[in-house]
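One letter stands for each residue in the lines below.
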Amino acid sequence: MTAKYDVVIIGGGIAGLVAALCLAKEGKSVAVLESQGQMGGRAITNKKEGVRFNLGSHALYFGEAYAIFQELNLMPDLFKRVDEFTPYGIWKEKVYPFPVGISSLLKSPLLPLSDKVKFGAILMKVLKLDTASIPYMSLRSWMEENVDSPMIRNLLYVLARGGTYVQAPDLQVAGPLFKQMQRSIKGVYYVKKGWGSLVDQLCKEALRLGVTLLPLKKVRSVEHRNGQVQHVQCADGEVIDVSHVILTTSPKVFLKLIPHAEHTSLKLWEQQAIPITAACLDIGLRSLPNPKYQFVYGVDQPILMVNASRVKGLELSDDGDIQLFQMIKFLGQSSDPQEDRKQLERAMDLVQPNWRREVVAEQYFPKMTVVHDFMHMKRTENPGPAVPEIRGLYVAGDWATHGEYLVDGAAASAKRAACHILSREPMRV
Ligand SMILES: Cc1cc2nc3c(=O)[nH]c(=O)nc-3n(C[C@H](O)[C@H](O)[C@H](O)COP(=O)(O)OP(=O)(O)OC[C@H]3O[C@@H](n4cnc5c(N)ncnc54)[C@H](O)[C@@H]3O)c2cc1C
């Protein structure tokens, strides 16, 4: 029997689309099967009252994803670099300059004089660290060895969770975290018209290269026999014969898709995964009551507030004048949707008084899964790219990180899976 495609990719988020492009560029025939009505997964953008909302705040770091998007020839105009970064911090119900530059370090009352020089020195050290050579240890252990002041530790934890969404110092592996911190301190890109336009570009390029994009195509199972992928069974009854499949769903979902997954590495990868979640409140405002505060860390509470519209030319609303304020509460073990929202609104009262009068549109997600896994101390092994027990089966997605954070994990793992497949010819049976 002749297969229609060299590779079938399950899931049309960033990982699925990047994998499709890497393969199609090398002449492979590829189909992307996506259960939802549109491609993009957690990178879609919703429009409400003319305001473009991502699924929560989304910044693109100078990491693997950005490099891969460049390789894939996405329009450079899509990415707007954030040049201005004047952060503030909420501490004991007051807003103070957050000490990341020389002037804010001098001005900020968040640190006693004796700690200011030390904090400046430790930030410089973090920026210059050769992160690959840091011994395998948790963030907490690194802090205990290197930082004696409790407030300096606290501020470093704030920066760590701001750049990774993770607040688990006992679990977070220090090396990859510091690499991400170096990136986030150096600056970030925002995507013009929201991450949905990045998805649109990836889809456009995929179609140009002949990729078949199939929204509303939910996969029910990936059948395998004698340790080799045989075909993909879709929920609408279609059966696609194929010998190479890349799974980009969450670990929980792929366990259901693969018969006898419990006898494969997939089971371990699912068991070791620790998802990171956040409550996200995004508000479109006619104008900002207090333009001074555009980027505010919670120092004594796990929140972050960002005015995405501070970046010029982002076109986050139809009329261009709306200020899109994005608030995140980093969630731990427990969450309470109403309380979490109230906490974000109270912070907004502090930072942007009378903001309620200015609201044009809003979006609240009480519990979003930001990533399905990250580099933590309880990991036994890094997932993928191949599933060793089933020939032709591969994994990608932010959880399949080998140290990269967030969308960098999604894009880098997708490229790893594609490269692995490309190195193994022939593929059509
Ligand atoms: C609130 C929030 C804020 C974030 N902020 C940032 C940020 O600032 N910077 C950053 O780099 N990253 C950020 N991220 C992370 C980034 O959005 C994700 O890492 C990335 O979008 C994940 O892509 P993915 O392809 O791995 O997964 P997904 O986007 O989840 O794609 C998986 C796809 O598989 C599909 N699927 C599932 N089951 C099936 C099935 N049975 N059949 C077919 N299809 C199926 C799903 O519908 C989905 O579209 C954020 C995420 C969130 C939620």
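All values derive from a computational prediction rather than experimental measurement.

## Some points on the domain arrangement of the protein
- When cut into domains, the protein gives domain 1 (7–43 + 196–273 + 375–422), domain 2 (88–186) and domain 3 (276–371).
- Taking only C-alpha atoms into account, the centre of domain 2 sits 23 Å from that of domain 3.
- With 20 residues of domain 2 in contact, the opposing surface of domain 3 contributes 23 residues.
- Approximately 1,900 Å² of surface area, both sides summed, lies buried where domain 2 meets domain 3, with 68% of it carried by carbon and sulfur atoms.
- Of all residues in domain 2, Tyr-88, Ile-90 and Tyr-165 give up the largest surface area on contact with domain 3, accounting jointly for 43% of the area buried on that side.
- Joining domain 2 to domain 3, the criterion identifies zero salt bridges.
- In this structure, the connection of domain 2 to domain 3 is made through eight residue pairs in polar contact (both at pLDDT 80 or more).
- With seven residues, helix H6 (residues 150–164) is the single largest residue contributor to the side of domain 2 that touches domain 3.
- By residue class, the composition of the side of domain 2 that touches domain 3 is twelve nonpolar, four polar and four charged.

## Description of the packing of helix H1 (residues 14–25) against helix H8 (residues 195–208)
- For the pair H1 and H8, interaxial distance at closest approach is 10 Å and the crossing angle is 30°. Viewed along their axes, H1 and H8 adopt a mutual orientation that is roughly parallel. Regarding H1 and H8, the two cross each other, and that crossing is left-handed. Note on element contacts: H8 touches H1 through Leu-198, Val-199, Leu-202, Cys-203, Glu-205 and Ala-206, opposite Ile-14, Leu-17 and Leu-21.
- Within the contact of H1 with H8, the residues separate by chemical class into eight nonpolar, no polar and one charged.

## Brief notes about the pattern of salt bridges
- Inspection of every chain in the model, using the stated rule, returns 25 salt bridges.
- Between Arg-140 and Asp-170 there is a salt bridge, with its nearest N and O atoms 2.8 Å apart. In this pair, Arg-140 sits in helix H5 (residues 139–146) while Asp-170 sits in the loop between H6 and helix H7 (174–186), placing the two residues 30 residues apart along the sequence.
- Beyond isolated ion pairs, a larger network of salt bridges with shared partners links Asp-77, Lys-80, Lys-192, Lys-193 and Glu-315.

## Remarks on the site of the ligand
- In the vicinity of the ligand there are 36 residues, among which Glu-34, Arg-42, Ala-59, Tyr-165 and Asp-398 approach most closely.
- Tyr-165 places a polar side-chain atom, nitrogen or oxygen, 2.9 Å from a nitrogen atom of the ligand.
- Contact distances for the ligand include 2.9 Å between a nitrogen atom and a backbone N or O atom of Val-219.
- For the ligand, whose unbound accessible area comes to 1,000 Å², protein coverage reaches 94%.
- Of all the elements in the fold, those that place two or more residues in the shell around the ligand are H1, strand E19 (359–371) and helix H12 (407–422).
- No other element matches the three residues that E19 contributes to the shell around the ligand.
- Looking at the shell around the ligand residue by residue, the class counts come to 17 nonpolar, 14 polar and five charged.

## Section: the packing of aromatic side chains
- Under the criterion given, the structure shown has twelve aromatic pairs.
- Each ring, one from Tyr-66 and one from Tyr-189, has its centre 4.4 Å from the other, and the planes form 20°; the classification is stacked. In this pair, Tyr-66 sits in helix H2 (residues 64–71) while Tyr-189 sits in strand E9 (residues 188–191), placing the two residues 123 residues apart along the sequence.
- Residue Tyr-66 is classed as buried on the basis of its relative accessible area of 16%.
- When the centroid spacing of 4.8 Å and the interplanar angle of 70° are considered together, the rings of Tyr-88 and Tyr-293 count as edge-to-face. Here the residue Tyr-88 occupies a position in strand E7 (residues 88–91), and Tyr-293 occupies one in the loop between strand E15 (276–285) and strand E16 (295–298), the gap between them amounting to 205 residues. Here Tyr-88 and Tyr-293 have matching classes, each one buried.

## Quick word on the UniProt feature "domain: Amine oxidase" (unreviewed entry) in the protein
- Within the UniProt annotation, "domain: Amine oxidase" (unreviewed entry) is assigned to residues 14–274 and 350–422.
- Taken end to end, residues 350–422 has its terminal C-alpha atoms 54 Å apart, with 25% of it in helix and 22% in strand.

## Considering the nonpolar core
- By size, the foremost hydrophobic cluster in this structure holds 62 residues, and its most contacted members are Phe-119, Trp-142, Leu-156, Phe-178 and Tyr-190.
- The element contributing the most residues to this core is H6, with eight residues.
- Viewed by domain, this core spans two of them, domain 2 (88–186) and domain 3 (276–371), each represented by three or more residues.
- In this structure Tyr-190 touches His-58, Ala-59, Leu-78, Phe-79, Lys-80, Val-82, Val-306, Ala-308, Arg-310, Val-311 and Leu-314, once residues within four positions along its chain are discounted.
- Counting 45 residues, the second largest nonpolar core, distinct from the first, contains Cys-22, Phe-69, Leu-202 and Ala-418.

Definitions and limits used
Residues numbered from 1 in each chain as written. Predicted model: local features only at pLDDT ≥ 70, side-chain atom pairs only at ≥ 80, totals over all residues. Heavy atoms only, no water. Domains from an automatic or database assignment. Contact = heavy atoms within 4.5 Å. Buried area = accessible area lost by both parts, 1.4 Å probe. Salt bridge = Lys/Arg side-chain N within 4 Å of Asp/Glu carboxyl O. Polar contact = N/O pair within 3.5 Å; in protein donor to acceptor, adjacent residues only side chain to side chain. Helix = DSSP H or I, 4+ residues; strand = E, 2+ residues; numbered from the N terminus. Nonpolar A, V, L, I, M, F, W, Y, C, P; charged D, E, K, R; others polar. Axes fitted to C-alpha atoms, helices over the stretch in contact; angles between N-to-C directions. Parallel < 35°, antiparallel > 145°, perpendicular 65-115°, else oblique. Left-handed = near helix turned anticlockwise from the far one by under 90°. Near = heavy atom within 4 Å. Areas by Shrake-Rupley, 256 points an atom, 1.4 Å probe, with all protein chains shown as cover. Phe/Tyr/Trp six-rings, centres within 6.5 Å; stacked < 30°, edge-to-face > 60°. Buried < 20%, exposed > 50% of the residue type's maximum accessible area, 1.4 Å probe, protein only. UniProt positions renumbered as here; feature names shortened; annotations may be inferred. Core = buried A, V, L, I, M, F, W, Y, C linked by side-chain atoms within 4.5 Å.

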